[in-house]
Amino acid sequence: MSILIKNGTIVSDGQQKNADVYCNESVIKAIGQDLEVPDNTHIIDAQGQYVMPGGIDPHTHMQLPFMGTVATEDFYTGTAAGLAGGTTMIIDFVIPNPQQNLMEAYHTWKDWAEKSCSNYSFHVAITWWDETVKADMKTLVEEEGVNSFKHFMAYKNAIMADDEIMYNSFSRSLELGAMPTCHAENGEMVFQLQKQLIDQGITGPEGHPLSRPPAAEAEAANRAIKIADVIGVPVYLVHVSTEDALDEITRARSNGQRVYGECLAGHLLVDESVYLDTNFERAAAHVMSPPFRAPEHQKALWKGLQSGNLQTTATDHCCFCAEQKAAGKDDFSKIPNGTAGVEDRMAVLWTHGVSTGKFTPEEFVDITSSNAAKIFNIHPRKGSIQVGSDADIVIWDPELTKTISAKTHHQNIDFNIFEGMEVKGLPSYTICNGVLKYANGELMAEIGSGQYIKRPAFRSIFNALQKQADLNEAKSVKR
Ligand code: URP
Ligand code: ZN
Ligand code: ZN
């Protein structure tokens, strides 16, 4: 399929430019005016619209087996919903059970993901440690194109990584040129608070945020950052939800440490009052970790994105329906944790970010696509509109409107945390691998048409860190 996008405004790499874009054989072949293209080229008129890199959601959990159940959204339905919202790539998580062989888990997830209709890649969680884990990390980096490893500092007695696991895994990541990432919440604190609250008779969803206070996140963020600092490896904190954790990131960055922070569309726009809803189903539908927070944290997160101390936006898309959430009817700690958003992330960020003047369209592209591509080392193949980049493109109509609702969304879940929100600014077309996947409300998402994206090990950052470490050592020897 060849596509020519005419008359649009390209937004990419910090610039806007009026030019046409020609895609063929899944890559961008030419950008300019009056391009000569073959007769059978499909022409899209993007007059009055932005032509932007397709969204990259760096944090999703399709069909995740978790808390005794399995997330309802699979790789096909989830990536299709993403395409309808302008997202052309997800980075999902392989999460081995403790003691499970990493390669076995990786191949299980890889098989599940074959039905994806957008592009996909994997972070791999390190949930235990021994010499086979160390060896498998090398295989994953060098043969499978995995360049990031995840550490859940929460979920005690399940997938929690303690300091010993983190120290070993961060050190190994440095050797391999891979990025450690963390879910930063102190799992022991959460576990103890959950027990205390249940003993006090607080069993409903209102107990969920009480068991996961901002301090539990800040402590873990600080610990992850300090472990990374001692080892000399960069670190990426997923779903930063509090001003307190953001402060830890900001301080480390101002000291020259390479620390990156992601925040979720949900944490920016939904506050903790949802847990006080007396309707169990509605309150439980919002149970995710870290929980939605008080409005002052939301304000801080917006500023974190504006200041560049947070670089990426994601959704943590992890769908559980009402009957699954009912497992925690008498004990909030048993409500499967997770909420959706892969379809809505870009529209809600445009509406509340660009339309309010918080972000320029160029900054919107950075926080929804390019920064994730850079941090996870696939830029400019992804996250950019350049000749030679993959043809993953969203044509964005700033005038299109809709009201978000679970009744009309494509996501395979019975609830939408943005229910009733009016958005202005939506994709009119989504192109993935040079193929039109979504056009004016119609999804053409063929099962299995997505590609697995290998992400190479980081050389430049890690070489710079090595140089810095060598210099420091030389200086200390001289003294
Ligand atoms: O509540 C959440 N976030 N569920 C998915 C697992 C995780 O912590 O990311
Ligand atoms: Zn998490
Ligand atoms: Zn997650």
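Anything mentioned here points back to the structure above.
First things first, this report covers the structure right here in the doc. (Residues numbered from 1 in each chain as written. Chains lettered and ligands numbered in written order. Predicted model: local features only at pLDDT ≥ 70, side-chain atom pairs only at ≥ 80, totals over all residues. Heavy atoms only, no water.)

Moving on, we come to the coordination of the zinc ion (ligand 3). Here the zinc ion (ligand 3) is held by His-59 (NE2), His-61 (NE2) and Asp-316 (OD), and the distances to it run 2.0 to 2.2 Å. Relative to the metal, the four donor atoms surrounding the zinc ion (ligand 3) lie at angles of 85 to 137 degrees, and the coordination shape comes out irregular. The two metals, the zinc ion (ligand 3) and the zinc ion (ligand 2), are separated by 3.6 Å. The pair formed by His-59 and His-61 is uniform in burial state, with each residue classed as buried. (Donors = N, O, S within 2.8 Å, 3.2 Å for Na, K, Ca; no water. Tetrahedral: all angles 85-135°; square planar, octahedral: opposite > 155°, others 65-115°. Buried < 20%, exposed > 50% of the residue type's maximum accessible area, 1.4 Å probe, protein only.)

Residues in close proximity to ligand 1 include His-59, His-61, Phe-152, Tyr-155, His-183, His-239, Met-288, Ser-289, Asp-316, Cys-318, Asn-337 and Gly-338, which together make up its full environment. Measuring from a nitrogen atom of ligand 1, one finds a backbone N or O atom of Asn-337 at 3.0 Å. Look at ligand 1: alone it shows 260 Å² of surface, and the protein chains cover 100% of it. In the shell around ligand 1, the residues fall into four nonpolar, seven polar and one charged. (Near = heavy atom within 4 Å. Polar contact = N/O pair within 3.5 Å; in protein donor to acceptor, adjacent residues only side chain to side chain. Areas by Shrake-Rupley, 256 points an atom, 1.4 Å probe, with all protein chains shown as cover. Nonpolar A, V, L, I, M, F, W, Y, C, P; charged D, E, K, R; others polar.)

Counting buried residues in helix H13 (residues 345-354) gives nine out of ten residues, a clear majority hidden from the surface. Every buried residue of H13 is accounted for by Arg-345, Met-346, Ala-347, Val-348, Leu-349, Trp-350, Thr-351, Gly-353 and Val-354. (Helix = DSSP H or I, 4+ residues; strand = E, 2+ residues; numbered from the N terminus.)

Ligation of the zinc ion (ligand 2) by protein atoms is provided by His-183 (ND1) and His-239 (NE2), these donors lying 2.1 Å from the ion. Considering all four donor atoms around the zinc ion (ligand 2), the spread of angles at the metal, 57 to 147 degrees, places the coordination shape in the irregular class. Relative accessible area serves as the criterion here: at 1%, His-183 is assigned to the buried category.

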